[in-house]
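# Structural overview
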Amino acid sequence: MRIGILGTGNVGQALASAWARAGHDVVLGSRRPDDPELLAKLRELTASGLRIDSPAGAAAHAEVLVNATPGTASVALLRSIGTEVLAERIILDVGVGFLEDGSLSHPGVSLGEEIQQAFPETRVVKTLCTVDRKVMIAPDSLEGPATVFLSGEDTKAKKVVRGLVGDLGWAEDGLLDLGGIATARGQENFALLFIGIAVAAGTYEFGIRVVLPTSGGSGLDH
């Protein structure tokens, strides 16, 4: 697929490299695509054939546009690209917004929901924001299976995203569809627990697993 990635930080670089290895046509979008310092930082990626373009250029290229920008800046950046360009695109959103004090910038509503509301013709799928960048592209680096989640309104878009997440090494039974985009709130709020676990465990490289009862449980009744 043609994938555009907004964000050239650690997450954007990791995803770009992994999807390129899986055979996808990947373009990284940056506000400063010609900056010598940025190009030096990304030399290994560009040497392997990845292109660097503006955010608008990456979006125009993409069938799936990945938001790997800081959550506090994501909507403004997407607005600068334009509603018409983003119409009918799939946005795979991995962003989480933090304030300077470490609290979430979207405590009552998720970034995923804000993007979907701002761009109603765009198909937003939230995923991969509950693991760190290394586990994101190498789930087999963990001692056992982990779970990642999907939130979004469009069934076909979620099917495409499931395939892309699978290309990163995630097994089908490790992908849990939570439902509509409102469920992205749970994914993003996990960031606070993620930090607590990381401090307690001494590493960011861990996953969580949804473990169901052996009997199948008794439903959602309490």
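Anyway, here's the lowdown on the structure attached to this text.

Parameters at a glance
- One numbering rule holds for all chains: residues counted from 1, following each sequence as written.
- Local features in a predicted model are, by the rule used here, given only for residues with pLDDT of at least 70; side-chain atom pairs are given and counted only at 80 or more, and totals for whole chains, interfaces and linings are based on all residues.
- Values shown for side chains rest on all heavy atoms present in the structure; no hydrogens or waters enter the calculation.
- When DSSP locates at least two bridges between a pair of strands, those strands are taken to pair.
- Labels follow the DSSP assignment, with helices taken as runs of H or I lasting at least four residues and strands as runs of E lasting at least two, numbered in each case from the N terminus.
- Helix axes are fitted only over the stretch in contact, all axes being lines through C-alpha atoms; the angle between N-to-C directions runs from 0 to 180 degrees.
- In this description, contact between two residues means that some pair of their heavy atoms is separated by no more than 4.5 Å.
- Every crossover in which the path from the first strand over the helix to the second runs clockwise, viewed with the strands pointing away from the viewer, is termed right-handed.
- Only protein chains enter the accessibility calculation, which uses a 1.4 Å probe; a residue whose area is less than 20% of its type maximum is buried, one above 50% is exposed, and one in between is partly exposed.
- Two aromatic rings from Phe, Tyr or Trp, using only the six-membered ring of Trp, form a pair when their centres are within 6.5 Å; if the ring planes differ by under 30 degrees the pair is stacked, by over 60 it is edge-to-face, and anything between is tilted.

Moving on to the sheet that holds strand β5 (residues 90-93). Here we have 8 strands laid out as an open sheet, ordered β3-β2-β1-β4-β5-β6-β7-β8, and mixed in their pairing. Among the strands making up the open sheet, the edge pair consists of β3 (51-53) and β8 (175-179). Each strand of the sheet is rotated relative to its neighbour by a mean of 25 degrees, with strand direction disregarded. The sheet contact formed by strand β1 (residues 2-6) and strand β2 (residues 25-29) spans 5 bridges and is parallel. Bridge pairing links I5 to L28 in β2. Where helix α7 (residues 111-118) meets the sheet, it contacts β4 (64-67), β5 and β6 (123-127), and its direction lies at approximately 175 degrees from that of β6.

So, about the pairing of β8. Where strand β7 (residues 148-152) meets β8, 4 bridges bridge the pair, whose relative direction is parallel. If you follow S151 over to β8, its bridge partner there is G179. Following the chain from β7 across helix α9 (residues 155-167) to the adjacent parallel β8, one finds a crossover that is right-handed.

It is worth spelling out the side chain of H61 at this point. The residue H61 is located in helix α4 (residues 55-61) in this model. Residue classification places H61 among the buried residues on the basis of a relative accessible area of 11%. If near-sequence neighbours (up to four positions away) are discounted, H61 is found in contact with R2, I3, G4, D25, V26, V27 and R51.

The tally for this structure, following the rule as stated, stands at 3 aromatic pairs. Measuring from centroid to centroid gives 6.1 Å for F194 and Y204, while their planes differ by 10 degrees, and the two rings are stacked. Of this pair, F194 sits in helix α10 (residues 184-201) while Y204 sits in the segment after α10; the two residues are 10 residues apart in sequence, bridging distant segments of the chain. Aromatic pair F194 and F206: ring centres 4.7 Å apart, planes at 25 degrees, arrangement stacked. Highlighted residues: F194 in helix α10 and F206 in the segment after α10, separated in sequence by 12 residues. Note on F194: relative accessible area 12%, which makes it buried. Chaining the aromatic ring pairs together yields one cluster made of F190, F194, Y204 and F206.

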